[in-house]
Amino acid sequence: MKLNRVGFVGWRGMVGSVLLQRMIEEDDFSLIEQPVFYTTSQTGQPGPDIGREIQPLQEAFDLESLASLDVIVTCQGGDYTAEAHAKLRQQGWNGYWIDAASSLRMSADSTIILDPVNMPVIEQGLANGQKDFIGGNCTVSLMVMALDGLLNSDLGNADLVEWISVATYQAISGGGARQMRELVEQMGVVNRAASDLVKNPASSILDIDKAVIDAIRSDQLPTGEIGVPLAGNLLPWIDKDLDSGSSREEWKGAVETNKILGREAKPIPIESTCIRVGTMRCHSQSFTIKLKKDLPLDEIEQILEQGNDWVTLVENTREASLAKLTPASVSGTLTIPVGRVRKLNLGARYISAFTVGDQLLWGAAEPLRRMLRILDHSSL
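Residues numbered from 1 in each chain as written. Predicted model: local features only at pLDDT ≥ 70, side-chain atom pairs only at ≥ 80, totals over all residues. Heavy atoms only, no water.

Moving on: the sheet that holds strand E7 (residues 132-135). Within a sheet, each strand pairs with its neighbour through backbone hydrogen bonds, oriented either parallel or antiparallel. Here we have 7 strands laid out as an open sheet, ordered E3-E2-E1-E4-E5-E7-E6, and parallel in their pairing. The open sheet is flanked by strand E3 (58-59) and strand E6 (110-113), the only strands paired with a single partner. Pairing of strand E5 (residues 96-99) with E7 involves 3 bridges; the strand directions are parallel. Bridge pairing in E7 links Ile-98 to Phe-133. This element, helix H4 (residues 115-127), spans E5, E6 and E7 of the sheet and lies at about 160° to E6. (Pairing = 2+ DSSP bridges. Helix = DSSP H or I, 4+ residues; strand = E, 2+ residues; numbered from the N terminus. Contact = heavy atoms within 4.5 Å. Axes fitted to C-alpha atoms, helices over the stretch in contact; angles between N-to-C directions.)

See below:
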């Protein structure tokens, strides 16, 4: 289809800002005849600089304006989706809705988009007349990208994995920009509390430790956004309590993965423990995987490396792991390194692996911009 009028909502937020940055880098706006930018608070003001003239900002809840669009791309969040999407569909709008929020992910009428992994599922959704294409949970998308080779039916591996157990170490970017800011503020409070002691070579490490712990537990540490201390800490729970001993974030690991893969009728069992750690924008994950058959380790590594163009295999050595398998090395890149691949003492069919990926790229913005290109039938 021709991308005539495409609307963007929530482009000022964290995911939206990364989306615009990537679209400018990849010249995606050249595909759109008329990009239209919306706002909930600054109607009539100039829009973002995308290298071409655009009209002033439009009201994000102006249904008449929204209904004139061929495609709506939104990073505004679930509350906006719940209100605007339903009203537009009720009024007969038949355009494409591309969304970063979770509200519509598990709807029978939507497709979760992660085209390097599930292009056949996306194509089937388009052929079936589906119009809602939704970005997946950030951690799930990064997991599936990393393990694509083991899960990919195109490589003949659709039934290779018996089950997956994963521990996630998720960056604060998953909680939004305000929580990212607060983590940096918390780091500053902790640093100031122990700074003089750290600078004094004669000071006791126990005194430094006490100063840090006291700062983390003090009323001076800002916690209004995160809710609890994260600097010098970790949080063994993310998202809502499902009253089953699991969180909603952990539930997503199984249901969204299998929907992405088109395996709802024959799901792979996946169990997750999701943990928030004090990194800024990269999620890390440690996998224990049981395969359905015994394969040589070098063949497993080759399968992983063949998954997609962004996966890179990291040699299972101390030096390579510390240099290439960390948030500090991966942040801001599209690379999905997979390392620490080894067989376990549990048995010949048990393997372990570790991956890192940028939560704001493949975990959020990148699938949205690529879906626009899919609609335009452009090369990716």
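Now that the structure is up, let's keep going.
With that settled, the discussion passes to the packing of aromatic side chains. How two aromatic rings sit relative to each other is given by the distance of their centres and the angle of their planes. Counting across every chain of the model gives 10 aromatic pairs. Between Trp-93 and Trp-97, the ring centres sit 6.4 Å apart and the planes meet at 75°, which makes this aromatic pair edge-to-face. Taken together, the ring pairs connect Phe-8, Trp-11, Phe-29 and Phe-37 into an aromatic cluster. (Phe/Tyr/Trp six-rings, centres within 6.5 Å; stacked < 30°, edge-to-face > 60°.)

The next point concerns the nonpolar core. In terms of nonpolar packing, the biggest core is built from 45 residues, with Phe-8, Phe-37, Val-71, Ile-98 and Leu-372 touching the most fellow members. When contributions to this core are tallied by element, the ones reaching two or more residues are strand E1 (5-9), helix H1 (14-25), strand E4 (71-74), E5, helix H7 (177-199) and helix H13 (361-376). It is H13 that provides the largest number of residues to this core, a total of 8 residues. Setting aside residues up to four positions removed in sequence, Phe-8 forms contacts with Met-23, Phe-29, Ile-32, Pro-35, Val-36, Phe-37, Tyr-38, Val-73 and Leu-372. Judged by nonpolar contacts, the second largest core, of 35 residues, contains Met-145, Ala-146, Val-166 and Ile-303. (Core = buried A, V, L, I, M, F, W, Y, C linked by side-chain atoms within 4.5 Å. Buried < 20%, exposed > 50% of the residue type's maximum accessible area, 1.4 Å probe, protein only.)

Here we have 6 strands laid out as an open sheet, ordered E9-E8-E10-E13-E12-E11, and mixed in their pairing. The open sheet has two edge strands, strand E9 (270-276) and strand E11 (311-313), and neither has a second partner. Within the sheet, the average angular offset between the axes of one strand and its neighbour, ignoring direction, is 20°. Sheet topology note: the strand E8 (residues 161-170)/strand E10 (residues 282-291) ladder contains 8 bridges and is antiparallel.

Moving on, we get to unusual backbone geometry. Most peptide bonds are trans, and most residues other than glycine sit at a negative phi. A positive phi angle, close to 60°, is found at Asp-243, a residue other than glycine. If you check the backbone angles, Arg-340 has positive phi at about 55° while not being a glycine. Along the polypeptide, Arg-340 turns up in strand E12 (residues 336-343).

Here we take up the pairing of E5. Because side chains alternate across E5, one face comprises the buried residues Tyr-96 and Ile-98, and the other comprises Trp-97 and Asp-99, equally buried. In the sheet, E4 pairs with E5 via 4 bridges, with the strands oriented parallel. Across the sheet, Val-73 pairs through a bridge with Ile-98, a residue of E5. Traced from E4 through helix H3 (residues 78-90) to E5, the parallel crossover comes out right-handed. (Right-handed = clockwise from strand over helix to strand, strands pointing away.)

Counted by the stated rule, this structure contains 19 salt bridges. Between Arg-369 and Asp-28 there is a salt bridge, and its shortest N-O distance comes to 2.6 Å. With a gap of 341 residues between them, Arg-369 in helix H13 and Asp-28 in the loop between H1 and strand E2 (34-39) connect regions that are remote in the sequence. The same class applies to Arg-369 as to Asp-28, namely buried. (Salt bridge = Lys/Arg side-chain N within 4 Å of Asp/Glu carboxyl O.)

Quick look at the side chain of Glu-250 now. With respect to the helices and strands, the residue Glu-250 is situated in helix H9 (residues 248-260). Of the side chains with opposite charge, Arg-276 lies nearest to the buried Glu-250, which makes no salt bridge, at 11 Å. A distance of 2.9 Å separates a polar atom in the side chain of Glu-250 from the backbone nitrogen of Ser-247. Excluding residues that lie within four positions of it along the chain, Glu-250 makes contacts with Gly-245, Ser-272, Thr-273 and Cys-274. (Lys, Arg positive; Asp, Glu negative; His and termini not counted. Polar contact = N/O pair within 3.5 Å; in protein donor to acceptor, adjacent residues only side chain to side chain.)

The values reported here are purely geometric and, on their own, carry no functional implication.
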